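Structural overview
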Amino acid sequence: MEQKVAQLFIVTPESLTGVSVATAAGDMTRAALETYPVGGLCYFGRNITGNQQLRDMLANTREMGCVAGAGIAPFLTIDEEGGPLVARVANSGYFDVEHFSNMADIGASGDVTHAAYVGSSIGSYLHEIGFNVDFAPDADVLTNPYNTVIGPRSFGSDPQLVADMVAAEVDAMLDAGVLPCIKHFPGHGDTAGDSHTGAVYAERSRADIEACEFLPFISGIEAGCPLVMVGHIETPNFAADGLPASLSKTMMTDVLRDQLGFGGVIVSDSFAMGAITENYTPADAAVRYFQAGGDMLLMPENLEEAYNGVLSAVQLGDISSERLDESLARILALKEQVGLLA
């Protein structure tokens, strides 16, 4: 049971080991994975100090994961959308890889082969370095021109154009051997706030969201995207439950699962963001997330508290063993797809 619960979390190497900045995987990583054999790790620019350094850290982490806990290698994840804003590897200066302009420029071209090329190029170099999951492409439709959080990270304001670009990039990235993750469901393009610092709202009606924001997610799912990231976005005129989508059974189970037919892995946006931490403890937020239908929780504010909270909830029956095993089955099926199961 402890191994199952650990598989539900994707954490930074710092959160796992307790070091201030992780740039290598050694004895501390090995010991931490024996205690918490997490389902994945997420890396940022601070973790990249050299070409071979990054390759060694990823390879060593994967090898350690194969012998810790249940002996299941972790997802090795990164945000590599392309463009000057979110490209940890390309912007590190340590890799001779292609640099892309903003996805807004790719979308403005109107040519889906450009999006496919982005997916193929990024997927290929991430796979070669050792990553197996990329939290990209961004599937948000930029319906609010004053939205600075998404801004030029979006392919544009035309939902069908964004849908076509997303599908092309998803398909190409899968061919390159890296698992894409479309984000931020149910759509971050209409919001004015920043979920890094507090609650954000998509005020549009259900009909508007279904006709616009959902199109790229439907297109990405139909293209075979295996992961969908759910954002901390409240929809007062849709779910109307007073919850961010990342804690909403309506948005994750009733809509994403049942209405849109997504059968892959639902992953949360970071639970270290203010939209979560200002209102919930790490344990409470984690329990609510899995009760609502999430599969993998990204970057809890405190791993130990979140892990123990979920473990206790399972033991007490507040999270059923069936609910837990549903998520595990999806996670393990995906790991098998990319060769992470021995």
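Read on for a plain summary of the structure. Values in this document were obtained by computation on a predicted structure and should not be read as measured data. (Residues numbered from 1 in each chain as written. Predicted model: local features only at pLDDT ≥ 70, side-chain atom pairs only at ≥ 80, totals over all residues. Heavy atoms only, no water.)

1. Notes on the sheet that holds strand 9 (residues 227–230)
We count it as follows: Being paired, for any two strands, means DSSP has found at least two bridges between them. The helix count covers DSSP runs of H or I at least four residues long, the strand count covers runs of E at least two residues long, and both are numbered beginning at the N terminus. Contacts are assigned to residue pairs that have any heavy atoms within 4.5 Å of one another. Helix axes are fitted only over the stretch in contact, all axes being lines through C-alpha atoms; the angle between N-to-C directions runs from 0 to 180 degrees.
Read across the open sheet, the eight strands follow the order 11-9-7-6-3-2-1-12; overall the sheet is parallel. Among the strands making up the open sheet, the edge pair consists of strand 11 (265–268) and strand 12 (297–298). Pairing analysis gives two bridges linking strand 1 (residues 9–11) to strand 12, with the strands arranged parallel. When the sheet's bridge partners are listed, Phe9 is paired in strand 12 with Leu297. Along the sheet, helix 4 (residues 51–65) makes contact with strand 2 (40–43) and strand 3 (75–78), crossing strand 2 at roughly 165°.

2. Quick word on the pattern of salt bridges
Convention followed: We define a salt bridge as a side-chain nitrogen of Lys or Arg found within 4 Å of a carboxyl oxygen belonging to Asp or Glu. Residue burial is assigned from relative accessible area. The probe radius is 1.4 Å, only protein chains are included, and a residue is buried under 20% of its type maximum, exposed over 50%, and partly exposed in between.
In total, this model carries 16 salt bridges according to the counting rule given. The closest approach of N and O atoms between Arg323 and Asp295, which form a salt bridge, is 3.6 Å. Taken as a pair, Arg323 in helix 14 (residues 321–337) and Asp295 in the loop between helix 12 (282–292) and strand 12 lie far apart in primary sequence, 28 residues in all. Both residues of the pair, Arg323 and Asp295, belong to the buried class. Across the salt bridge formed by Arg330 and Asp295, the nearest N and O atoms sit 2.8 Å from each other. Here Asp295 lies in the loop between helix 12 and strand 12 and Arg330 lies in helix 14, a separation of 35 residues in the sequence. In this structure Asp295 comes out as buried when scored by relative accessible area, which is 0%.

3. Points about unusual backbone geometry
Note that the residue after Ala136, namely Pro137, is joined by a cis bond; omega there is 5°. Tracing the backbone shows Pro137 in the loop between strand 6 (133–134) and helix 7 (159–175).

4. With respect to the nonpolar core
Within soluble globular proteins, side chains that are nonpolar tend to cluster in buried spots. Heads up, the condition is: Grouping buried Ala, Val, Leu, Ile, Met, Phe, Trp, Tyr and Cys residues that are joined through side-chain atoms within 4.5 Å yields what is termed a nonpolar core.
The biggest cluster of nonpolar side chains holds 106 residues, and the ones touching the most others in it are Phe9, Val89, Phe131, Phe185 and Val310. No other element matches the seven residues that helix 13 (residues 303–316) contributes to this core. Those residues in contact with Val89 that sit more than four places away from it in its chain are Ile48, Leu54, Ile78, Glu80, Phe95, Tyr125, Leu126, Ile129 and Phe131.

5. Notes on the layout of surface pockets
Quick reminder of the rule: Using a 1 Å grid laid over the protein atoms alone, points where a 1.4 Å probe fits but cannot get out form a cavity; open sets with protein on both sides within 12 Å along at least 5 of 7 lines form a pocket; any residue with an atom within 4 Å of a point counts as lining. Grid points are joined across faces, edges and corners, and a volume is the space filled by probe spheres set on the points. Here the term charged refers only to Asp, Glu, Lys and Arg, the term nonpolar to Ala, Val, Leu, Ile, Met, Phe, Trp, Tyr, Cys and Pro, and the term polar to all other amino acids, Gly among them.
The space that makes up the second largest pocket amounts to roughly 190 Å³. In terms of lining, the second largest pocket is formed by 14 residues, of which the most central are His127, Phe131, Asn132, Gly177 and Val338. It is helix 4 that provides the largest number of residues to the lining of the second largest pocket, a total of three residues. Partitioning the lining of the second largest pocket into residue classes produces eight nonpolar, five polar and one charged.

6. Some words on helix 14
How we decide: Multiplying one less than the number of residues by 1.5 Å gives the expected span of a helix. An arc is given here, and it is the one of the directions from the helix axis to the C-beta atoms.
When the terminal C-alpha atoms of helix 14 are compared, their 24 Å separation across 17 residues agrees well with the 24 Å that a helix rising 1.5 Å per residue should span. Looking only at helix 14, the buried set comprises Arg323, Leu324, Ser327, Leu328, Ile331, Leu334 and Lys335. Relative to the axis of helix 14, the buried residues are bounded by an arc of 130° and lie together on one face. Counted as exposed and oriented over 90 degrees from the buried face of helix 14: Glu322, Glu336 and Gln337. Looking at the residues trailing helix 14, positive phi occurs at Gly339, about 75°.

7. A short note on the packing of helix 3 (residues 27–35) against helix 4
Packed helices, taken two at a time, are described by their axes: the angle between them and the distance between them. Put simply, the rule is: We call a crossing left-handed when the near helix sits turned anticlockwise from the far one by less than a right angle, and right-handed when that turn is clockwise.
Where helix 3 contacts helix 4, the axes come no closer than 10 Å and their chain directions differ by 35°. Relative to helix 4, helix 3 is oriented so that their crossing is right-handed. Along the contact surface, helix 3 presents Thr29, Arg30 and Leu33, while helix 4 presents Thr61, Met64 and Gly65. Counted by class, the contact of helix 3 with helix 4 contains two nonpolar, three polar and one charged residues.

8. A word on the packing of aromatic side chains
Defined as follows: Here a pair means two rings of Phe, Tyr or Trp (six-membered ring of Trp) with centres within 6.5 Å. Their orientation is stacked below 30 degrees between planes, edge-to-face above 60, and tilted elsewhere. The criterion is that NZ of a Lys, or CZ of an Arg, lies within 6 Å of the ring centre and within 35 degrees of the ring normal, and then a charge sits over that ring.
Using the criterion set out here, one finds nine aromatic pairs in the structure. Judged by centre distance (5.3 Å) and plane angle (90°), the rings of Phe185 and Phe217 are edge-to-face. Of the two residues, Phe185 sits in strand 7 (residues 179–185) while Phe217 sits in helix 9 (residues 214–222), which places them 32 residues apart along the sequence. No difference in accessibility class separates Phe185 from Phe217, as the two residues are buried. Aromatic side chains Phe214 and Phe238 sit 5.8 Å apart centroid to centroid with 40° between the ring planes, which places their arrangement in the tilted category. With Phe214 in helix 9 and Phe238 in the loop between strand 10 (233–234) and helix 10 (249–259), this pair connects stretches of sequence that are 24 residues apart. Across the pair, exposure class does not vary: Phe214 and Phe238 are buried alike. An aromatic cluster is built from Phe9, Phe271, Tyr289 and Phe290, whose rings are joined through pairwise contacts. Over the face of the ring belonging to Phe75 we find Lys335, whose NZ or CZ atom lies 5.1 Å from the ring centre.

Fair warning: the whole summary comes from geometry, so function is off the table for now.
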